[in-house]
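Each chain, written out:
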Amino acid sequence: MIEFRRSLPAYKEKDLLLKAISENQVIVVSGETGCGKTTKLPQYILEYEIEAARGAACSIICTQPRRISAMSVSERVAAERGEKLGESVSPCL
Ligand SMILES: Nc1ncnc2c1ncn2[C@@H]1O[C@H](COP(=O)(O)OP(=O)(O)OP(=O)(O)O)[C@@H](O)[C@H]1O
């Protein structure tokens with residue numbers, strides 16, 4: 001799972017993305033389908049905030065257009081983190 005995460009295009013742009021987020025109130029991220037915008041970028045932000053001792057104060061909201069995709073994304077991200085749903089990832093339908 002870790003190797004897979006590191007193979008995605010989003011991982012290669014991780015530092016650039018975190019720098020852009022820290023320096024701007026709003027950014028637009030555009031990338032090919034499956035590059036990691038939905039499941040990886042929120043985790044990069046959370047991990048960055050945890051490293052900065054701000055993890056407890058960090059809330060990340062990720063919207064999806066359908067219930068099924070909201071559930072699928074939530075389950076996937078929780079699985080990647082080795083957690084159960086409801087720990088750091090909670091779907092809100
Ligand atoms: N539920 C899942 N089960 C297995 N693999 C998944 C799942 N969700 C995502 N992935 C994998 O993680 C990678 C990143 O997916 P992600 O949804 O973050 O990409 P994305 O850039 O948001 O794509 P899109 O623009 O289509 O929404 C995908 O290439 C896919 O292989």
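Calculation criteria
- Position numbers for residues start from 1 in each chain and track the written sequence from start to end.
- This being a predicted model, a pLDDT of at least 70 is required before a residue's local features are given, and a value of 80 or more before pairs of side-chain atoms are given or counted; all residues contribute to the totals for chains, interfaces and linings.
- Side-chain calculation: all heavy atoms of the structure are included, whereas hydrogens and water are not.
- We call a residue near a molecule or strand whenever a single non-hydrogen atom of that residue lies within 4 Å of it.
- Any pair of N or O atoms that falls within 3.5 Å is considered a polar contact. Within protein, one atom must be able to donate a hydrogen and the other to accept it, and sequence-neighbouring residues count only if both atoms are side-chain atoms.
- Throughout, the Shrake-Rupley method with a 1.4 Å probe supplies accessible areas, and for residues the shown protein chains are the sole cover considered.
- Classification of ring pairs rests on two measures: the distance between centres of Phe, Tyr or Trp rings, Trp counted by its six-membered ring, which must be within 6.5 Å, and the angle between planes, read as stacked under 30 degrees, edge-to-face over 60 and tilted in between.
- Helix and strand definitions follow DSSP, with helices as H or I runs of at least four residues and strands as E runs of at least two, each counted in order from the N terminus.
- Exposed residues in this analysis have more than 50% of their type's maximum accessible area, buried residues have under 20%, and partly exposed residues fall in between, with area computed by a 1.4 Å probe over protein chains only.
- Boundaries of every domain are those given by an automatic assignment or by a domain database.
- It only takes one pair of heavy atoms within 4.5 Å for two residues to be counted as in contact.
- Reported buried area values correspond to the accessible surface (1.4 Å probe) lost by two parts on association, with both partners' losses combined.
- In what follows, salt bridge is the name for a side-chain nitrogen of Lys or Arg lying within 4 Å of a carboxyl oxygen of Asp or Glu.
- Classes in brief: Ala, Val, Leu, Ile, Met, Phe, Trp, Tyr, Cys and Pro nonpolar; Asp, Glu, Lys and Arg charged; the others, Gly included, polar.

Description of the site of the ligand
Next up, step 1: Near the ligand lie 13 residues; those nearest to it are T33, G34, K37, T38 and T39.
Next up, step 2: One of the backbone nitrogen or oxygen atoms of G34 is found 2.8 Å away from an oxygen atom of the ligand.
Next up, step 3: Contacts to the ligand include R76, whose side-chain N or O atom sits 3.5 Å from a nitrogen atom.
Next up, step 4: For the ligand, the protein covers 61% of the area, taking 640 Å² as the surface of the free molecule.

So, the packing of aromatic side chains
Next up, step 1: In the structure shown here, the tally under the stated rule is 1 aromatic pair.
Next up, step 2: For the ring pair Y11 and Y44, a centre distance of 6.4 Å and an interplane angle of 65° mean the geometry is edge-to-face. Here Y44 lies in helix α4 (residues 41–51) and Y11 lies in helix α2 (residues 9–12), a separation of 33 residues in the sequence.
Next up, step 3: Looking at Y11, the relative accessible area reads 32%, which means it is partly exposed.

Quick look at the domain arrangement of the chain
Next up, step 1: According to the domain assignment, the chain contains domain 1 (2–58) and domain 2 (61–93).
Next up, step 2: With centres defined by C-alpha atoms, the gap from domain 1 to domain 2 works out at 16 Å.
Next up, step 3: Taken together, the 9 residues of domain 1 in the interface contact 7 residues of domain 2.
Next up, step 4: At the boundary of domain 1 with domain 2, total buried surface from both sides reaches about 660 Å², with 57% on carbon and sulfur atoms.
Next up, step 5: Of all residues in domain 1, T38, T39 and Q43 bury the most surface against domain 2, accounting for 57% of the area lost on that side.
Next up, step 6: In this assembly, domain 1 and domain 2 are joined by 2 salt bridges.
Next up, step 7: When the shortest N-O distance is used, the salt bridge between E47 and R81 registers 3.1 Å.
Next up, step 8: Across the domain 1-domain 2 interface, the total number found is 4 residue pairs in polar contact (both at pLDDT 80 or more).
Next up, step 9: Of all the elements in the fold, those that place two or more residues in the side of domain 1 that touches domain 2 are α1 (2–7) and α4.
Next up, step 10: Per-element accounting of the side of domain 1 that touches domain 2 gives the leading share, 4 residues, to α4.
Next up, step 11: Each residue belonging to the side of domain 1 that touches domain 2 can be placed in one class, and the counts come to 3 nonpolar, 3 polar and 3 charged.

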